[in-house]
Amino acid sequence: MSELRERLRALPTFPETMPSFDAEGVPTHPLDLFTHWLDDAIASGERQPSAFTLSTIGDDGAPASRTLIVKDVDERGLQFSSNRGSRKAGELEARPVATALFFWRALGRQVEASGFVTDLGPDASQADWQERPSYAGEQNPDWVLWALDATRFVFLQATLDRKHVRVEYLRDGDGWTHRQPTTPAG
């Protein structure tokens, strides 16, 4: 075994104490569970609990990822913003699908949301631009507020024995179904 491999294997993975997760008692709508978990991450003191990894698809068909901040969550989806000239904006305009991955290490929790992305329009985009800490009164016509309207969510609660508890939600018409996947988490 290489020295690097040994050091990596020795690193702690999760905290000794993590929340439990009753996969049988989840809410009907995944956004209810998502906002509950986000609130837990905020309350726990997790650093940047609003940060997530957004993965899009490039022109070559390969995934591309970067870290962003969720701006809001409502019936339109998980909202995030970008400059229209960015790589991610070009990828979203060409292929408006993405996956968002939230990881709250201190709680041993992950949430993956995948679905369709829409531009929320110039009014919502300018309102978002004006709320930025760097805003100094100028307009930015290249700013876009996006919403990821998920069709699939996966919630994972880690356990120290690595028998992680997962619940997958799938959009079913106007509603949602959920199940506990039978394959091991990983």
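Residues numbered from 1 in each chain as written. Predicted model: local features only at pLDDT ≥ 70, side-chain atom pairs only at ≥ 80, totals over all residues. Heavy atoms only, no water.

Focus on a nonpolar patch on the surface
To keep it simple, the criterion reads: Exposure above 30% relative accessible area and no salt bridge define the residues that can form patches, which grow by joining like charges within 9 Å and nonpolar side chains of Val, Leu, Ile, Met, Phe, Trp and Tyr within 5 Å. Note on areas: these come from Shrake-Rupley sampling with a 1.4 Å probe, and a residue is covered only by the protein chains present in the view. Any carboxyl oxygen of Asp or Glu that lies within 4 Å of a side-chain nitrogen of Lys or Arg is treated as forming a salt bridge with it. Numbering of helices and strands runs from the N terminus; a helix is a DSSP stretch of H or I covering at least four residues, while a strand is a stretch of E covering at least two.
Side chains of Leu-4, Leu-8 and Leu-11 sit close together on the surface and give an oily, nonpolar patch of about 290 Å² of accessible area. Mapping Leu-4 onto the fold places it in helix α1 (residues 3–10).

Description of the side chain of Arg-109
This is how the line gets drawn: By the convention used here, residues are in contact when the closest approach between their heavy atoms is within 4.5 Å.
Relative to the assigned elements, Arg-109 resides in strand β6 (residues 109–119). Among all residues touching Arg-109, those that are not within four sequence positions of it are Pro-19, Ser-20, Trp-37, Asp-40, Phe-102, Phe-103, Trp-104, Leu-156 and Gln-157.

Focus: the pattern of salt bridges
For side chains of opposite charge, pairing can occur when their charged atoms come near one another. Going by this rule: Remark: exposure states derive from per-residue accessible area (1.4 Å probe, protein chains only) relative to the maximum for the residue type, with buried under 20%, exposed over 50%, and partly exposed in between.
On inspection of all chains with the given rule, the structure shows 13 salt bridges. For the salt bridge of Arg-109 with Asp-40, the shortest nitrogen-to-oxygen distance reads 2.9 Å. Pair noted here: Arg-109 is in strand β6 and Asp-40 is in helix α2 (residues 30–43), with a separation of 69 residues, a long-range link. Given a relative accessible area of 3%, Arg-109 falls into the buried group. The network of salt bridges with common partners includes Glu-112, Arg-152, Glu-168 and Arg-179.

A short note on the nonpolar core
Quick reminder of the rule: In these notes, a set of buried Ala, Val, Leu, Ile, Met, Phe, Trp, Tyr and Cys residues joined through side-chain atoms within 4.5 Å is what counts as a nonpolar core.
Phe-34, Leu-78, Phe-80, Phe-102, Trp-104, Phe-153 and Phe-155 are the most contacted members of the largest nonpolar core, which has 36 residues in total. Only α2, β1 (51–57), β4 (77–83), α3 (87–94), β5 (97–104), β6, β7 (143–157) and β8 (165–172) provide two or more residues apiece to this core. With near-sequence residues (within four places) excluded, Leu-78 lies in contact with Leu-31, Phe-34, Val-70, Asp-72, Val-73, Ala-100, Phe-102, Ala-113, Trp-146, Ala-147 and Leu-148.

Remarks on the pairing of strand β9 (residues 175–179)
Put simply, the test is: By this definition, two strands are paired if DSSP reports at least two bridges between them.
Relative to β9, β8 runs antiparallel, the two sharing five bridges. Looking at β9, one finds that Asp-172 is bridged to Gly-175. Between β8 and β9, which pair antiparallel one after the other, the connecting turn spans two residues, and Gly-173 there sits at a positive phi close to 65°.

What about unusual backbone geometry?
Outside of glycine, negative phi angles account for most residues, and trans bonds account for most peptide bonds. For Gln-48, which is not a glycine, the phi torsion comes out positive at approximately 45°. Note on placement: Gln-48 falls in the loop between α2 and β1. The exposed category is assigned to Gln-48, whose relative accessible area is 57%. Phi at Arg-162 is positive, roughly 65°, even though this residue is not glycine. Mapped onto the elements of the fold, Arg-162 is located in the loop between β7 and β8. A residue is classified by how much of its surface remains accessible, and Arg-162, at 48% relative accessible area, is partly exposed.

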